[in-house]
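Observations on the model geometry
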Amino acid sequence: MAVASKAGGVLAAKDEKRIIRTVFIALLLDILAFTMILPLFPEMINFYRAQEVDKGRETVLSHVLWQLNRLKTHISHRAVVSSRFDTVLLGGLVGSLFSFLQFIASPIIGRMSDRRGRRYTLLATMWGNILSTAIWCFASTFSTFLLARVVGGLSEGNVQLSIAIMSDVTSDANRSKALALVGIAFSVGFTVGPAIGAFMARYNITGIKLGGEVFNPFSVAAAMCLALLIIETLYLYIALPETHLIEAAAKTKTTTKEDEGKNLAVHADAAVTRRRLRNASAAHFAHLFLFSGMEFSLTFLTFELFHFSSAQNGRLLGFIGIFASLIQGGYIRRKKSLSPNNDLSLSNQGVTTCLAAFILLALVTPERGQGLLWAGGACLSFTSATVVNCLTAYCSKVCDPKTRGTQMGQFRSWGQLGRSLGPILCCGLYWFLGKTQAYTLMSVAYAVFFLWFNLVVKGYERRLSAATTQQLKQKKTT
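My aim in this report is to walk through the structure given alongside it, one point at a time. Just so it is clear, the model here is predicted, and its values are computed rather than measured.

Parameters and conventions
- Residues numbered from 1 in each chain as written.
- Predicted model: local features only at pLDDT ≥ 70, side-chain atom pairs only at ≥ 80, totals over all residues.
- Heavy atoms only, no water.
- 1 Å grid on protein atoms, 1.4 Å probe; cavity = no way out; pocket = protein on both sides within 12 Å on 5 of 7 lines; lining within 4 Å.
- Points joined across faces, edges and corners; volume = space filled by probe spheres on them.
- Helix = DSSP H or I, 4+ residues; strand = E, 2+ residues; numbered from the N terminus.
- Nonpolar A, V, L, I, M, F, W, Y, C, P; charged D, E, K, R; others polar.
- Salt bridge = Lys/Arg side-chain N within 4 Å of Asp/Glu carboxyl O.
- Buried < 20%, exposed > 50% of the residue type's maximum accessible area, 1.4 Å probe, protein only.
- Expected span 1.5 Å × (residues − 1).
- Arc of directions from axis to C-beta.
- Phe/Tyr/Trp six-rings, centres within 6.5 Å; stacked < 30°, edge-to-face > 60°.
- Lys NZ or Arg CZ within 6 Å of the ring centre and 35° of its normal.
- Axes fitted to C-alpha atoms, helices over the stretch in contact; angles between N-to-C directions.
- Contact = heavy atoms within 4.5 Å.

To continue, consider empty space enclosed by the protein. Following the criterion strictly, the structure yields one cavity of 30 Å³ or more and no others. Approximately 240 Å³ is the volume attributed to the largest cavity. Lining the largest cavity are 16 residues, with Ala33, Phe34, Ser132, Thr133 and Arg149 sitting closest to its centre. When residues of the lining of the largest cavity are traced back to their parent elements, those giving at least two are helix H1 (15-35), helix H5 (118-137), helix H6 (142-155) and helix H9 (219-239). In terms of residue class, the lining of the largest cavity is made up of nine nonpolar, four polar and three charged.

Tallied over the full model, the rule gives seven salt bridges. Between Arg18 and Asp15 there is a salt bridge, with the nearest N and O atoms lying 3.7 Å from each other. Placement of the pair is Arg18 and Asp15 together in helix H1, with a separation of three residues, close to one helical turn. We classify Arg18 as partly exposed; its relative accessible area is 29%. You can call Asp15 buried: its relative accessible area is 18%.

A few words now on unusual backbone geometry. One non-glycine residue, His307, lies in positive phi territory at about 55°. Among the secondary structure elements, His307 is positioned in the loop between helix H12 (270-306) and helix H13 (310-330).

Turning our attention to helix H2 (residues 41-53). Helix length check: H2 (13 residues) gives 17 Å between terminal C-alpha atoms against 18 Å at 1.5 Å per residue, within 8%. Residues of H2 that are buried include every one of Phe41, Met44, Ile45, Phe47, Tyr48 and Glu52, and no others. One side of H2 carries all its buried residues, which in axial view fall inside an arc of 160°.

Next up on the list: the packing of aromatic side chains. Inspection of every chain in the model, using the stated rule, returns 21 aromatic pairs. Ring centres of Phe306 and Phe308 lie 6.1 Å apart, and the angle between their planes is 45°; on these two criteria the pair is classed as tilted. On the basis of relative accessible area, Phe308 is assigned to the buried category, the value being 6%. Through a chain of ring-to-ring contacts, the aromatic side chains of Phe47, Tyr48, Phe142, Phe145 and Phe218 assemble into a single cluster. A cation over an aromatic ring shows up here: Arg116 above the ring of Tyr120, its NZ or CZ 4.2 Å from the ring centre. The ring of Tyr460 has Arg275 lying over it, and the distance from NZ or CZ to the ring centre is 4.3 Å.

Here we take up the packing of H2 against H6. Remark: H2 packs on H6, axes separated minimally by 10 Å, with the N-to-C direction vectors making an angle of 145°. From H2, Phe41, Met44, Ile45, Tyr48 and Glu52 reach across to H6, where they touch Phe142, Phe145 and Arg149. Its residues assigned to classes, the contact of H2 with H6 comprises six nonpolar, no polar and two charged.

Structure, rendered in structure tokens:
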């Protein structure tokens with residue numbers, strides 16, 4: 001397959017692997033930098049709380065905690081809410097804010113990549129990430145740290161642009177295999193990144209001044225993130241060509257009967273494309289809305305029922321991440337899928353295991369031991385490896401190549417909205433109802449999603465595939 005180069009020429013098909021390798025390495029660096037902060041959230045919130053709230057200062061953090069205490073007062077007659085969850089909930093709110101900002105920014109970044117090019121847009125967003133991390137290095141107050149997260153949330157575009165670039169340079173048959181690398185990068189990053197962040201946080205340079213600014217206890221970890229992002233940016237600048245020049249690609253494309261059949265099966269009329277994208281976006285939102293809530297509350301469950309330490313939670317999350325990587329590398333990447341219906345079938349396998357995970361975790365009790373917990377973790381691994389990755393592959397095949405960045409940005413935007421709201425809902429249910437009832441309700445909700453996905457999303461694609469097959473048969477006979 002030919003792709004447009006930065007100079008407006010065309011890259012040979014042999015360069016496809018080089019571009020995919022470049023994108024994968026850069027994405028892995030990005031996710032390592034992104035995940036280093038995750039295990040630090042509780043300690044960071046406690047640090048800012050001690051600096052600002054315990055000393056009686058009027059700050060953004062003190063106002064947020066005051067509102068939280070008001071809420072706890074109002075609901076105390078209906079639920080017993082432990083104060084030990086305050087720090088985790090604040091960390092969850094900060095994480096939800098980041099995802100909500102991604103909901104806003106993703107379509108804008110996608111449109112920009114269609115108009116200005118993938119490489120240009122990716123490098124521009126990297127500067128935003130670098131600025132965000134530089135602010136974090138000197139975030140001696142919670143409001144400064146919040147500013148860093150806002151800048152980062154509005155700037156992060158590496159994931160969606162990596163997907164768009166891989167979609168630009170791969171055929172429909174090989175796209176699922178290439179996009180599985182995105183899932184592998186996530187699994188490796190989420191397994192290794194938090195461990196690096198926790199290790200770097202051991203080095204505390206609080207009080208050291210540089211140009212009048214004061215470092216915080218997590219500045220060394222922030223500096224490590226900054227170094228990774230700078231390396232990633234330089235690497236992309238040197239190694240990544242432009243892959244989105246439609247005019248140049250169109251001039252070099254030759255049409256064959258196979259291409260015509262693929263166009264009939266994949267790039268249908270505008271109404272069909274809109275319906276497919278609506279279905280994919282709705283499924284992306286609904287899945288991540290429920291899945292991210294379960295994912296975020298998992299450490300609540302292990303702490304409450306089994307008194308897991310950070311190291312034990314690390315082993316559980318590491319197991320989930322490593323197992324997901326093996327599934328993506330050994331199963332998903334072996335599946336060559338030209339038909340969008342095949343991508344939905346792979347997604348449905350992950351939806352099924354996610355429903356099983358909800359049920360298993362709802363049944364977990366100290367009396368039953370940890371077997372159900374680890375079985376649920378295995379199901380979560382399969383879900384992490386399949387659903388979002390295969391929905392993304394489906395979406396990349398059914399969208400218009402000329403506006404792929406915009407449409408993929410909208411698809412990602414709805415997923416980020418679900419990821420921002422899910423933890424809030426699940427934590428709220430956990431607060432009010434406890435683990436068993438919360439997970440039971442979430443299981444029922446996911447069962448409804450499971451039925452909708454099979455009847456509506458897969459059902460529409462099956463009907464479309466049947467109609468397309470019939471049209472091709474009629475065309476051959478004529």
